[in-house]
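# Descriptive structure summary
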Amino acid sequence: MEDLIFLPTRNIRVVADFNLRALAYIIDLLFFFFMIIMPFSSIYYELSGINAEEISIEDSINNPKIFTILAVGYFACMIIFAFYLISFEYLLNGSIGKKMLNLSVVSKSKELSLKQVIVRNLTKSVLFNLLAFDCFLMLFDQQKRRVSDFLANTLVVSNRKIIKKFGVVNEL
Amino acid sequence: MNDMVKILYLFGMVFLLILVSSALLGTIYSIDEGNVALVRIESEIGIEDSLLSSGISSDSVIDSLAEAESNPNVKAVILSINSPGGTVVASKEIAEYVLSMNKTVVAWIRDMGASGAYLIASASDYIVSDEFSMIGSIGAKMSYLSFNGTMQKYGINYNEISSGSLKEIGSPYKDLSPEEYSILSALVNDSFNYFLEFVAVNRNLSLESIDIIKDGRILSGSQAYNLSLVDELGSKNEIINYLERLNITDVSIYEINQAQSFDFSSLLNYKSSLIYPTYD
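The subject of this paragraph is the overall build of chain A. Looking only at helices and strands, one finds seven helices and three strands in chain A. Along chain A, helices and strands appear, N-terminal first, in the series β-α-α-α-α-β-α-α-α-β. Buried residues in chain A amount to 40% of all 172 residues. The long-range fraction of contacts in chain A, counting pairs at least 24 apart against all pairs at least 6 apart in sequence, stands at 72%. Total accessible area computed for chain A in this model is approximately 10400 Å², and 65% of it derives from carbon and sulfur atoms.

Residues and elements named next belong to chain B. One can describe the packing of helix 3 (residues 88–100) onto helix 6 (residues 178–202) by two numbers: an axis separation of 12 Å at closest approach and a directional angle of 20°. In this view, helix 3 runs roughly parallel relative to helix 6, as classed from their interaxial angle. Remark: the crossing between helix 3 and helix 6 carries left-handed chirality. Listed contacts from helix 6 to Val88, Lys92, Ala95, Glu96 and Leu99 of helix 3 are Ser191, Tyr194, Phe198 and Asn202.

Once that is clear, we can look at the interface of chain A and chain B. At the junction of the two partners, chain A supplies 31 residues and chain B supplies 27 residues. Both sides of the chain A and chain B interface together cover about 2700 Å² of buried area, and 75% of this is carbon and sulfur. By the criterion of area lost to chain B, the three top residues of chain A are Lys65(A), Phe83(A) and Leu92(A), representing 18% of everything that side buries. On the surface where chain A and chain B come into contact, there are zero salt bridges. Linking chain A with chain B are two residue pairs in polar contact (both at pLDDT 80 or more). Among the elements that take part in the side of chain A that touches chain B, helix 3 (residues 64–92) of chain A stands out by supplying 13 residues, more than any other. Taken together, the residues of the side of chain A that touches chain B sort by class into 21 nonpolar, six polar and four charged.

The next thing to look at is the nonpolar core. Ile41(B), Leu65(B), Leu79(B), Ile94(B), Tyr118(B) and Leu229(B) are the most contacted members of the largest nonpolar core, which totals 49 residues. For this core, the secondary-structure elements that each account for two or more residues are strand 1 (36–41), helix 2 (58–70), strand 4 (76–83), helix 3, strand 6 (104–114), helix 4 (116–122) and helix 6 of chain B. Looking at which element gives the most residues to this core, the answer is helix 6 of chain B, with eight residues. Discounting chain neighbours no more than four positions away, the residues touching Leu229(B) are Tyr118(B), Ile127(B), Val199(B), Arg203(B), Leu205(B), Ile210(B), Ile213(B), Leu219(B) and Ala224(B). Counting 29 residues, the second-largest nonpolar core is a separate cluster that includes Phe40(A), Ile50(A), Ile80(A) and Ile18(B).

Glancing now at a negative patch on the surface. A contiguous patch of negative charge on the surface is contributed by Glu48(B), Asp59(B), Asp63(B) and Glu93(B). Tracing the backbone through its elements, the reader meets Glu48(B) in the loop between strand 2 (45–46) and strand 3 (56–57).

Counted according to the given criterion, the structure contains 16 aromatic pairs over all chains. For the ring pair Tyr74(A) and Phe75(A), a centre distance of 5.2 Å and an interplane angle of 75° mean the geometry is edge-to-face. The class for Tyr74(A) is partly exposed, based on a relative accessible area of 35%. Classification of Phe75(A) by relative accessible area gives partly exposed; the value is 45%. Considering the side-chain rings of Phe11(B) and Phe15(B), the 6.3 Å spacing of their centres and the 20° angle between planes classify their relative orientation as stacked.

As a further point, take helix 8 (residues 236–245) of chain B. Because each turn of an α-helix spans 3.6 residues, side chains separated by three or four positions in sequence point in the same direction. Residue and element names in this part refer to chain B. Within helix 8, the full set of buried residues consists of Ile239, Tyr242 and Leu243. End-on, the buried residues of helix 8 take up no more than an arc of 100°, which puts them together on one face. Of the exposed residues in helix 8, the ones pointing more than 90 degrees away from its buried face are Asn237 and Arg245. The secondary structure elements touched by the buried residues of helix 8 are strand 1, strand 4, strand 6 and strand 7 (126–129). Phi for asparagine 247, located one or two positions after helix 8, is positive at around 70°.

As a further point, take the sheet that holds strand 1 (residues 9–15) of chain A. Residues and elements named next belong to chain A. Taking strand neighbours across the sheet as the criterion, the three strands line up as 1-3-2 in an open arrangement whose pairing is antiparallel. If you trace the sheet from one side to the other, it starts and ends with strand 1 and strand 2 (103–107), each paired once. Sheet twist, expressed as the average angle between the axes of neighbouring strands with direction ignored, equals 40°.

Its location among the elements puts Ser165(B) in the loop between helix 5 (148–153) and helix 6. Leave out the neighbours within four places in its chain, and Ser165(B) touches Glu160(B) and Glu180(B).

Positive phi is not limited to glycine here, since Asn153(A) has a value of about 60°. By secondary structure assignment, the location of Asn153(A) is in the loop between helix 7 (147–152) and strand 3 (154–163). When its relative accessible area of 31% is taken as the criterion, Asn153(A) is described as partly exposed. If you check the backbone angles, Ser115(B) has positive phi at about 50° while not being a glycine. Residue class for Ser115(B) comes out buried when judged on its relative accessible area of 0%.

About the thresholds
- Residues numbered from 1 in each chain as written.
- Chains lettered and ligands numbered in written order.
- Predicted model: local features only at pLDDT ≥ 70, side-chain atom pairs only at ≥ 80, totals over all residues.
- Heavy atoms only, no water.
- Helix = DSSP H or I, 4+ residues; strand = E, 2+ residues; numbered from the N terminus.
- Buried < 20%, exposed > 50% of the residue type's maximum accessible area, 1.4 Å probe, protein only.
- Contact = heavy atoms within 4.5 Å.
- Areas by Shrake-Rupley, 256 points an atom, 1.4 Å probe, with all protein chains shown as cover.
- Axes fitted to C-alpha atoms, helices over the stretch in contact; angles between N-to-C directions.
- Parallel < 35°, antiparallel > 145°, perpendicular 65-115°, else oblique.
- Left-handed = near helix turned anticlockwise from the far one by under 90°.
- Buried area = accessible area lost by both parts, 1.4 Å probe.
- Salt bridge = Lys/Arg side-chain N within 4 Å of Asp/Glu carboxyl O.
- Polar contact = N/O pair within 3.5 Å; in protein donor to acceptor, adjacent residues only side chain to side chain.
- Nonpolar A, V, L, I, M, F, W, Y, C, P; charged D, E, K, R; others polar.
- Core = buried A, V, L, I, M, F, W, Y, C linked by side-chain atoms within 4.5 Å.
- Patch = residues over 30% accessible without salt bridge, like charges linked within 9 Å, V, L, I, M, F, W, Y side chains within 5 Å.
- Lys, Arg positive; Asp, Glu negative; His and termini not counted.
- Charge placed at Lys NZ, Arg CZ, Asp CG, Glu CD.
- Phe/Tyr/Trp six-rings, centres within 6.5 Å; stacked < 30°, edge-to-face > 60°.
- Arc of directions from axis to C-beta.
- Pairing = 2+ DSSP bridges.

It is worth stressing that arrangement in space is one thing and function is another; only the former is reported here.
Written as structure tokens, this is what we have:
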């Protein structure tokens, strides 16, 4: 039987890099697609009486009723996605994507408030169209903050464990 | 509460929100049930809606037809027609739109489908009317009131200063000259010839076979049926039977509500001094 060696570690937080954050967001988008859009649209379109597979882009533009139904569905999904991001970040400091990659949202001042979480998640959900603009700042900021991170005074950190510098002891 | 409990709790909240919002919004924002759309043309046809007139505009009819055309649930459209006709251009706009539609269009002539209203009906794939419906009146006309005699009686002179001798053609304050009469007649005849050819082509009739109706007479539904101006005598049931023959089963009719826009500028519309050909 092999012996296990336990090394003393300590938790540190470092600024999360762009790639990790992008990956976490992609995981959240997958969650959004499979766990929000699919169940929502299957119920919503069934009750609305439209067959989404048969609708062309032309139909959705020309027919005001279809356009309204699609627009309402889109905004409803976005609001649910916003609820998901905000509630997870507020209560658990991170969405599913962030949790899986050991990332957390922290406040740069006091404890993370609901207002801060709402501000930093608007462009990731309801104001989705502004996301590219929002992320532009990350290319230049050392702390890899989005514009909305600046506005909310928040930061995304990566939680890591490192071995204590002088704590490596052979205790066999 | 540890993190796992919080995650389960939040998942539950998200799914509850999905269920409630999709069910609620799906009930509120539902497309009209039905596979056959009903569009009404049941008054005089004009270019625009006006508060002072009870007419229907070509724009609102075309909008309704476009809505039916773009609704994937709609397999056919019924045009419920009860109209004496209207202006040439408005009737032509609707008729040409009906021709361009990819869905089956059935014209259902109720009390009256005359003149411009019949032009529209003739563009549809199938016409059903009652035996006592009033149909036809194929022709164009132009009319205006002339006050010249009254003005002369009271010693009122009409002084015309215009850039051309035909600039004030159709003015109610003077009689038509022979030249003006021939110009306006030519306009009316152009509209009439278009009408006649349109009906002949779309009803697959020869011009000779409809020679009898060139005088603009009105016909009963039975007479129109005998002249092949109508495909079937009957009512809604006959339309449903026809649609079923086209494999449109479980016919469920829903009415498209036409927009009745209110425009204050329409109150100022004034066209009494302007004459133009009409199909009515």
